[in-house]
Amino acid sequence: MSEESDLERTEEATPRRLEKAREEGQVARSLELTTFTVLLAAAAGVLFLGAGLMDKLLKIMKTGMTVERELAFQPELMLVRFYHLAIEGLISMAPLLFLLLVVAFFAPMLLSGWMFSTKALIPKFDRIDPIKGFGRIFSVHSLVELVKAILKTVIIGGVAALVIWSNKDTVMALMTVPVDLGVSRTGDFLAISFLLIIGAMVLVVAIDIPYKIWEHAKQLRMTKEDVRKEFKESEGDPFVKARIRNIQREAARRRMMAEVPKADVIVTNPTHYAVALRYQNGMRAPKVVAKGVHLLAARIREIAEENRIPILEAPPLARALYHHAELESEIPEKLYTAVAEVLAYVFQLRRYNEYGGKAPQPPVDVPVPVELDPGQQAV
């Protein structure tokens, strides 16, 4: 049962899945919203530009239907006349056509914003599969589209019939007015009727937009296995990441151990902690070149003994250095005094080994602030 549930698309799409779908051109689009917006812009354009547009088209029609004597005997001039009239008609319609072009370009962005993807242009041969095509014909999506088409036909057709029937007297009265006035009134009447008719599409759009958003989200749903796989791809396999961290820690440990022979002194707990210090002329303060606890501390002491590095037992200082000093970093200022005593002993020991004389005594009770020593804080 668990395997079957893992294969069911029950999980919402992740941000990465949504981004990938957007890159492939798969976003929520409402054709009804685009159609409604373009028709609304057309109605508004006709309403504001209709009077002037109708006058220009009327003049073009009168000019085209007027035939001078010379045109009747020279047909080639008629072609020139028609050419100029066509140009004038195109220029007259240009503002309205430009408005529709702009609205048609931006209308699809109302739902999902700007999106450009060349992947959407790549042909998919599974779309011409007759079996899949037959399945799409009888799918839930096709049924919904059929219901929307019937709903649009009923609503728009009903509103159109109602508008025409309620204005039948106005339409009949147009036959009694002069042609110029009749054409102008006809344009206004058509624009207002057009607005009322496409206004009926608001109901269709109000139903279509939520459905398209829901349908898009449903198509992008993922199985639990898909979510786990995507997590591994984006965040990395936990086992691989753990392996990489182990390799990095091992490499850092090797680099740290390579610095132990260069240290001036090893401060120990004596068994739990080991911290290697190094100081050279020009340094502002001594640096910690290696540190560790338990087995790693024992290994540091072994390398120090092999390379004859002095080892000093100072438990409070070892604990303070381990917890408050970073690798390859200078020691805290509050430990300057304690470390200075240790280095003084180391330099004296180095001089004794070279020139002999009285052996120096290792420092006892090295001063370490209580707030830096976890052992004293515990007490």
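Definitions and cut-offs
Residues numbered from 1 in each chain as written. Predicted model: local features only at pLDDT ≥ 70, side-chain atom pairs only at ≥ 80, totals over all residues. Heavy atoms only, no water. Helix = DSSP H or I, 4+ residues; strand = E, 2+ residues; numbered from the N terminus. Buried < 20%, exposed > 50% of the residue type's maximum accessible area, 1.4 Å probe, protein only. Areas by Shrake-Rupley, 256 points an atom, 1.4 Å probe, with all protein chains shown as cover. Phe/Tyr/Trp six-rings, centres within 6.5 Å; stacked < 30°, edge-to-face > 60°. Lys NZ or Arg CZ within 6 Å of the ring centre and 35° of its normal. Expected span 1.5 Å × (residues − 1). Arc of directions from axis to C-beta. Pairing = 2+ DSSP bridges. Axes fitted to C-alpha atoms, helices over the stretch in contact; angles between N-to-C directions. Contact = heavy atoms within 4.5 Å.

J.: Outline the overall build of the protein chain, listing residues and values.
T.: Across its full length, the protein chain carries 17 helices and four strands. Counting over 379 residues, the protein chain shows a buried share of 30%. Of the roughly 25,000 Å² that the protein chain leaves accessible, carbon and sulfur atoms contribute 64%.

J.: Which residues make up the packing of aromatic side chains, and what values go with them?
T.: Two aromatic rings, taken as a pair, are described by how far apart their centres are and by the angle between their planes. Tallied over the full model, the rule gives three aromatic pairs. Arranged with centres 5.2 Å apart and planes meeting at 65°, the rings of tyrosine 273 and tyrosine 322 form a pair that is edge-to-face. Here tyrosine 322 lies in helix α15 (residues 315-324) and tyrosine 273 lies in strand β2 (residues 273-278), a separation of 49 residues in the sequence. Geometry around tyrosine 322 places lysine 291 over its ring, the cationic atom sitting 5.2 Å from the centre.

J.: I'd love a proper account of unusual backbone geometry, names of residues and values included.
T.: For histidine 294, which is not glycine, the phi dihedral falls at a positive 55°. Relative to the helices and strands, histidine 294 is located in the loop between β3 (287-293) and α14 (295-306).

J.: Requested: an account of helix α16 (residues 336-355), with residues and values cited.
T.: The end-to-end C-alpha distance of α16, which contains 20 residues, comes to 28 Å, matching closely the 28 Å that a straight helix rising 1.5 Å per residue would cover. Among the residues of α16, Ala338, Val339, Val342, Leu343, Tyr345, Val346 and Leu349 are the ones counted as buried. The buried residues of α16 all sit within an arc of 155° when viewed along its axis, so they share a single face. Exposed side chains of α16 directed beyond 90 degrees from the buried face belong to Thr337, Arg351, Glu354 and Tyr355.

J.: Please set out the sheet that holds β2 residue by residue, giving values where relevant.
T.: Pairing within the open sheet is mixed, and its four strands lie in the order β3-β2-β1-β4. Edge positions in the sheet fall to β3 and β4 (311-313), since each has one partner strand and no second. The mean angle between the axes of side-by-side strands here comes to 20°, regardless of whether they run parallel or antiparallel. Sheet topology places strand β1 (residues 265-268) next to β4; three bridges connect them, and they run parallel. Bridged to isoleucine 266 within β4 is isoleucine 311. Packing against the sheet, α16 makes contact with β1, β2 and β4, and its axis sits at approximately 130° to β1.

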